[in-house]
Amino acid sequence: MYTFIVTVFSLVAAIFVYYLFLRQKSKRLTLIDRGICPVCRESAIEIKRNKSGGCSGTNSVIFICQKCGYEEEFHIPSSGCGM
């Protein structure tokens, strides 16, 4: 019984931590979409690399801040092809 409780608690904790991670990453992407660096709050964000994943894949985009050196990769859904 103890093993089951620990396993369930660990699973719930892992899901909660992953949820917090995704929420923070979403907040950072929202700032980046507005052109603001999430670290230094300056308008110095640029796209370092943009790799297309095709019509139904995701785009792998790396953003970099020219002021503080912040760099992060995001996987953004593709807008589709020719519709």
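Just above, that's the structure.
Cut-offs applied
- Residues numbered from 1 in each chain as written.
- Predicted model: local features only at pLDDT ≥ 70, side-chain atom pairs only at ≥ 80, totals over all residues.
- Heavy atoms only, no water.
- Pairing = 2+ DSSP bridges.
- Helix = DSSP H or I, 4+ residues; strand = E, 2+ residues; numbered from the N terminus.
- Expected span 1.5 Å × (residues − 1).
- Contact = heavy atoms within 4.5 Å.
- Salt bridge = Lys/Arg side-chain N within 4 Å of Asp/Glu carboxyl O.
- Buried < 20%, exposed > 50% of the residue type's maximum accessible area, 1.4 Å probe, protein only.
- Phe/Tyr/Trp six-rings, centres within 6.5 Å; stacked < 30°, edge-to-face > 60°.

## Details of the pairing of strand β1 (residues 45–51)
Right, on to step 1. Direction of pairing for β1 relative to strand β2 (residues 58–65): antiparallel, over a ladder of six bridges. Across the sheet, residue Ile 45 finds its bridge partner in β2, namely Cys 65.
Right, on to step 2. Here β1 folds back onto β2, and the loop between the two strands holds six residues, one of which, Gly 54, carries a positive phi near 95 degrees.

## Thoughts on helix α1 (residues 2–33)
Right, on to step 1. End to end, α1 covers 47 Å across 32 residues, agreeing with the expected 46 Å (1.5 Å per residue, within 8%).
Right, on to step 2. Buried positions along α1 lie against β1, β2 and β3 (71–77).
Right, on to step 3. One or two residues past the end of α1 sits Gly 35, with phi positive at roughly 85 degrees.

## Focus: the pattern of salt bridges
Right, on to step 1. For the coordinates displayed, the defined rule picks out four salt bridges.
Right, on to step 2. Among the ionic pairs, Lys 25 bridges to Glu 72, the shortest N-O distance being 3.0 Å. Highlighted residues: Lys 25 in helix α1 and Glu 72 in strand β3, separated in sequence by 47 residues. Each member of the pair, Lys 25 together with Glu 72, is buried.
Right, on to step 3. With a closest N to O distance of 3.2 Å, Arg 49 and Glu 73 form a salt bridge. Placement of the pair is Arg 49 in strand β1 and Glu 73 in strand β3, with a sequence separation of 24 residues.
Right, on to step 4. By relative accessible area, which is 31% here, Arg 49 ends up partly exposed.
Right, on to step 5. Given a relative accessible area of 31%, Glu 73 falls into the partly exposed group.
Right, on to step 6. Connected through shared salt-bridge partners, Lys 25, Arg 28 and Glu 72 make up one network.

## Here's the deal with the packing of aromatic side chains
Right, on to step 1. Evaluated as defined, the whole model comprises two aromatic pairs.
Right, on to step 2. The interplanar angle of 25 degrees and the centroid separation of 6.2 Å between the aromatic rings of Tyr 18 and Phe 21 together place this pair among those described as stacked. Of the two residues, Tyr 18 and Phe 21 both sit in helix α1, three residues apart, roughly one turn of that helix.
Right, on to step 3. Accessibility expressed as a relative area gives 42% for Phe 21, which makes it partly exposed.
Right, on to step 4. Centroid distance Phe 63 to Phe 74: 6.0 Å. Interplanar angle 65 degrees. Geometry classified as edge-to-face. Note that Phe 63 is positioned in strand β2 and Phe 74 in strand β3, a separation of 11 residues in sequence.
Right, on to step 5. Overall, the relative accessible area of 8% leaves Phe 63 in the buried class.

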